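Here are the chains, one letter per residue:
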Amino acid sequence: MDNFVFSNPTKIVFGTGVEMQAGTEVKPFSDRVLLHFGGGSAVRSGLLSRIRESLVATGIHCVELGGVEPNPRLSLVREGIALCRREKLSFILALGGGSVIDSAKAIAVGVPYAGDVWDFFDYSTQPATALPVGAVLTIPAAGSESSSRSVISNTEMQLKRSVTTDLIRPRFALMNPELTYTLPPFQSACGIADIMSHVMERYFTNTRDVELTDRLCEAALRTVIVSAPSVMCDPCCYAARAEIMWTGSIAHNDLLNTGREGDWASHAIGHELSAFYDAIHGAGLAVIFPAWMKFVYRHDLARFAQFANRVWEVEMDHFNPEKTALEGIRRMELFFHSLGLPATLSDMGIPDDRFAEIATKCTVRGKGTTGKFVKLDPKAVIAILTLAK
């Protein structure tokens, strides 16, 4: 096990009706708030109105900025920064899923910064300060409600990049599983794939003697696997929605990677697919992760056989661990397919004519590698994309 420091100060308020505590939770930080959200669902459901009422009831002035899209845009982040400066807003409350929360975090680091916020995402500099952020979660997927990362798309440059700093870890997250009842089935499925991918990025590691976090990762994956069919069959199943919502936060709040090095190659490739084709992140991961596994599984056959046995309940074949490992990958593919997720890049409408460009962008302009479990050069990335097509 590697040395580590674990600190996650995000306050989680979980359960029915907790969104009505928004005003109470925001008040200690500010009385001038940017309320940031996505599309019309927040308005149609009445959630935006309820949050606004909660803020106003506690004497908080709020200014609204909607329009966040999946793969959140740098252009809207810049608009939010200008709005916060103009209106002298000092707290950002994100109402939505990972895209909205990531956009709020980017605004938070951009407001006090004299330069362009993209400087943080192209790694020119690191944030020194940020406005505080809170979240009302409506889509369990990205885990952004308790993570230290923000991912933003620069459509002009066709890049999707991240910044990681504890300055943007939300001060609180209000999590009511009932707010997820109206999610379309495909969006629920994409969230499930994203949650599982966050766990698997941590699970496949070269670090030894990590039995505790191995078991935590396996438990998180099993919880999602068991709960997912209930959510897909009965969208209003509170018990299953609650399990998935809480697992989504645990999957990305840094607990599962304590003492171990994660991989993150599949996410790097997936981000480039989003940058080039505006691909839905979870759907892309459902395609890329199995292809990555098929390419790298021989690097640590024992770990892949363990994954198959403990997570997918494949009977261990001690005389042929490769057979066990491959059956685990097959069962994962079948599980994603059962949720209605795409099996190939072709299913997503993604052609194979830009594989080399994608590989170049996710390996530091083709001069480096991506991933830690197996370091992938551009040729390796192209091979994985070819397996996925």
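Read on for an overview of the structure. (Residues numbered from 1 in each chain as written. Predicted model: local features only at pLDDT ≥ 70, side-chain atom pairs only at ≥ 80, totals over all residues. Heavy atoms only, no water.)

1. Concerning the overall build of the protein chain
Here is step 1: On a plain count of helices and strands, the protein chain comes out with 15 helices and eight strands.
Here is step 2: Taken over the C-alpha trace, the protein chain has a radius of gyration of 20 Å; the compact-globule value for 389 residues is 21 Å, and the two agree within 12%.
Here is step 3: By principal-axis analysis of the C-alpha atoms, the protein chain measures approximately 70 × 45 × 45 Å.
Here is step 4: Looking at the protein chain residue by residue over its 389 residues, the buried ones come to 57%.
Here is step 5: Roughly 15700 Å² of accessible area belongs to the protein chain as shown, and the carbon and sulfur atoms make up 53% of that amount.
Here is step 6: The averaged location of the 42 negative side-chain charges in the protein chain is 3 Å from the averaged location of its 38 positive side-chain charges. (Helix = DSSP H or I, 4+ residues; strand = E, 2+ residues; numbered from the N terminus. Rg over C-alpha atoms; globule rule 2.2 N^0.38 Å. Buried < 20%, exposed > 50% of the residue type's maximum accessible area, 1.4 Å probe, protein only. Areas by Shrake-Rupley, 256 points an atom, 1.4 Å probe, with all protein chains shown as cover. Lys, Arg positive; Asp, Glu negative; His and termini not counted. Charge placed at Lys NZ, Arg CZ, Asp CG, Glu CD.)

2. Thoughts on a nonpolar patch on the surface
Here is step 1: Residues M1, F4, F6, L212, L216 and L255 make up a contiguous nonpolar surface patch of about 560 Å² in total accessible area.
Here is step 2: Along the polypeptide, L212 turns up in helix α8 (residues 211-233).
Here is step 3: Classification of L212 as exposed rests on a relative accessible area of 59%. (Patch = residues over 30% accessible without salt bridge, like charges linked within 9 Å, V, L, I, M, F, W, Y side chains within 5 Å. Salt bridge = Lys/Arg side-chain N within 4 Å of Asp/Glu carboxyl O.)

3. Considerations on the packing of helix α7 (residues 185-203) against helix α11 (residues 281-296)
Here is step 1: Contact geometry of α7 with α11 gives a least axis separation of 7 Å together with a crossing angle of 45 degrees. As judged from the angle between their axes, α7 and α11 are oblique. Relative to α11, α7 is oriented so that their crossing is left-handed. On α11, the residues touching F186, C190, A193, D194, S197, M200 and E201 of α7 are H281, G282, A283, L285, A286, F289 and M293.
Here is step 2: Along the lines of polarity and charge, the residues of the contact of α7 with α11 split into nine nonpolar, three polar and two charged. (Axes fitted to C-alpha atoms, helices over the stretch in contact; angles between N-to-C directions. Parallel < 35°, antiparallel > 145°, perpendicular 65-115°, else oblique. Left-handed = near helix turned anticlockwise from the far one by under 90°. Contact = heavy atoms within 4.5 Å. Nonpolar A, V, L, I, M, F, W, Y, C, P; charged D, E, K, R; others polar.)

4. Quick word on the pattern of salt bridges
Here is step 1: Taken as a whole and judged by the stated rule, the model has 25 salt bridges.
Here is step 2: Between R161 and E272 there is a salt bridge, and its shortest N-O distance comes to 2.7 Å. Taken together, the residues span a long stretch of sequence, with R161 in strand β7 (residues 159-164) and E272 in helix α10 (residues 265-277) at a distance of 111 residues.
Here is step 3: Assessed through its relative accessible area of 15%, R161 is described here as buried.
Here is step 4: Residue classification places E272 among the buried residues on the basis of a relative accessible area of 2%.
Here is step 5: For R354, the salt bridge is made with E357, and the minimal N-O distance between the two is 3.2 Å.

5. Notes on helix α9 (residues 238-250)
Residues lying three or four places apart along an α-helix face the same way, a consequence of the helix completing one turn every 3.6 residues.
Here is step 1: Here α9 contains 13 residues, and its C-alpha end-to-end distance of 18 Å stays within 8% of the 18 Å for a straight helix at 1.5 Å per residue.
Here is step 2: Elements that come into contact with the buried residues of α9 comprise β1 (11-14), β5 (133-137), β8 (172-175), α7 and α8. (Expected span 1.5 Å × (residues − 1).)

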